[in-house]
Amino acid sequence: MTHPDPHVLALTGAVGSGKSTVASAFAALDVPCLDADLVARAIHQDPAHPAMAAIAAAFPQAMDSDGRLARGSLRSVFARDAAANAQLKQLLRPWVLEAARSWTAARHAPYVVWESALIGDQAIPAARVLVVDAPSQVRMARLALRNPDWTPTQVAAIFAMQPSREAYIEGAHDVIVNEGTPDALARMVQDLHRKYTSLWSTP
Ligand code: ADP
């Protein structure tokens, strides 16, 4: 029996805002969640993937000897070069979208979540966009806790390449301001889930 494709909820926000935590809260409510950044990683770690010829041609200095993007190159090469970073995203984007679409078509649910820090950069085909927002100081403190091996310079470089809070919020249908407790965050996700379920459940 055929079934309609689930609606897509794009979940985005700057690094450290709490996207992954929000995705876990949706997953706990049985909403299928896809991490688009992990999909991108699966592509650039597969030397046989058709995307890799163009990526290797554009960034020979970022490849390892097996034909993958070298470990650490995202931070060492792309975090320092906004143009290279944008070009890499551009090369990956159609493949990530194709993989995300076929993953979505195979799900049986009123809606699914696509999580990505990159969604804020460009319009993606989503029914709604949910942005997770938090003040820069809060995000920096969370990142320092989560990644003790990152130097302050690396954190600053990653922050500098993020679209502004305003740019994320501009494209949002819904915004979660994540500056309270994890419990408060979980309650906000439950409220949104009720809203999306009533919006997208077919009778
Ligand atoms: P993102 O996916 O946007 O980079 P994460 O969900 O990984 O952000 O959150 C960054 C860090 O902050 C994680 O270690 C997470 O556990 C923590 N965190 C997220 N939300 C909260 C919160 N409301 N209170 C305390 N810590 C939080």
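Residues numbered from 1 in each chain as written. Predicted model: local features only at pLDDT ≥ 70, side-chain atom pairs only at ≥ 80, totals over all residues. Heavy atoms only, no water.

Asker: Teacher, can you tell me more about the sheet that holds strand β3 (residues 111–115) here?
Answerer: In a beta sheet, neighbouring strands are held together by backbone hydrogen bonds and run either parallel or antiparallel to one another. Spatial ordering of the open sheet is given by β2-β3-β1-β4-β5, a layout of five strands whose pairing is parallel. Of all strands in the sheet, those bounded by a partner on one side alone are β2 (33–35) and β5 (174–177). Between one strand axis and the next, the sheet turns through 20° on average, direction left out of account. In this sheet, β3 lies alongside strand β1 (residues 7–12) in parallel orientation, the contact comprising five bridges. Bridge pairing in β3 links L9 to V113. Helix α2 (residues 36–44) contacts β2 and β3 of the sheet and is inclined by roughly 50° relative to β2. Sheet strands touched by helix α5 (residues 82–105): β1, β2 and β3. Its angle to β3, the strand with the most contacts, is close to 155°. (Pairing = 2+ DSSP bridges. Helix = DSSP H or I, 4+ residues; strand = E, 2+ residues; numbered from the N terminus. Axes fitted to C-alpha atoms, helices over the stretch in contact; angles between N-to-C directions. Contact = heavy atoms within 4.5 Å.)

Asker: Where do I start with the pairing of strand β4 (residues 128–133) in this structure?
Answerer: Look at any regular strand and the pattern is simple: side chains alternate between the two faces of the sheet. A large share of β4 lies buried, amounting to six of its six residues. Of the two faces of β4, the one carrying R128, L130 and V132 and the one carrying V129, V131 and D133 are both buried. Where β4 and β5 come together, four bridges link them in parallel fashion. Residue pairing for β5: L130 is matched across the bridge by D174. (Buried < 20%, exposed > 50% of the residue type's maximum accessible area, 1.4 Å probe, protein only.)

Asker: How do you make sense of the site of the ligand when you look at a structure like this?
Answerer: Near the ligand lie 14 residues; those nearest to it are K19, S20, T21, R146 and N178. Between the ligand and the protein, one listed contact pairs an oxygen atom with a backbone N or O atom of S17 at 3.3 Å. With respect to the ligand, the backbone of G180 contributes an N or O atom lying 3.0 Å from a nitrogen atom. Burial of the ligand by the surrounding chains reaches 75%, relative to a free accessible area of 560 Å². Every element with two or more residues in the shell around the ligand is listed here: α1 (19–28) and α6 (136–146). Partitioned by chemical class, the residues of the shell around the ligand number three nonpolar, eight polar and three charged. (Near = heavy atom within 4 Å. Polar contact = N/O pair within 3.5 Å; in protein donor to acceptor, adjacent residues only side chain to side chain. Areas by Shrake-Rupley, 256 points an atom, 1.4 Å probe, with all protein chains shown as cover. Nonpolar A, V, L, I, M, F, W, Y, C, P; charged D, E, K, R; others polar.)

Asker: Help me understand the layout of surface pockets, please; the structure alone is not making it clear to me.
Answerer: Put simply, the largest pocket is a space of about 1,400 Å³. Taken together, 45 residues form the lining of the largest pocket, with V15, D37, R41, L74 and W150 sitting closest to its centre. At the level of secondary structure, the elements contributing two or more residues to the lining of the largest pocket comprise α1, α2, α4 (73–76), α5, α6, α7 (152–161) and α9 (182–200). For the lining of the largest pocket, the leading source of residues is α2, giving five residues. The residue makeup of the lining of the largest pocket, split by class, is 20 nonpolar, 14 polar and 11 charged. (1 Å grid on protein atoms, 1.4 Å probe; cavity = no way out; pocket = protein on both sides within 12 Å on 5 of 7 lines; lining within 4 Å. Points joined across faces, edges and corners; volume = space filled by probe spheres on them.)

Asker: Which parts of the structure should I look at to understand the side chain of T104?
Answerer: Relative to the assigned elements, T104 resides in helix α5. A distance of 2.7 Å separates a polar atom in the side chain of T104 from the backbone oxygen of A100. Within the structure, the side chain of T104 is placed 2.9 Å from the side chain of W114, a separation counted as a polar contact.

Asker: I keep staring at the nonpolar core and nothing clicks. Help me out?
Answerer: Considering soluble globular proteins, one finds that nonpolar side chains tend to be buried as a cluster. Within the largest apolar cluster, 24 residues are counted, with the highest numbers of intra-cluster contacts made by I55, F78 and W114. If you list the elements that add at least two residues to this core, you get α2, α3 (52–58), α5 and β3. If you tally residues by element for this core, the top one is α5, at seven residues. The contacts of I55, once residues within four sequence positions are left out, are M63, L69, L88, L91 and L92. (Core = buried A, V, L, I, M, F, W, Y, C linked by side-chain atoms within 4.5 Å.)

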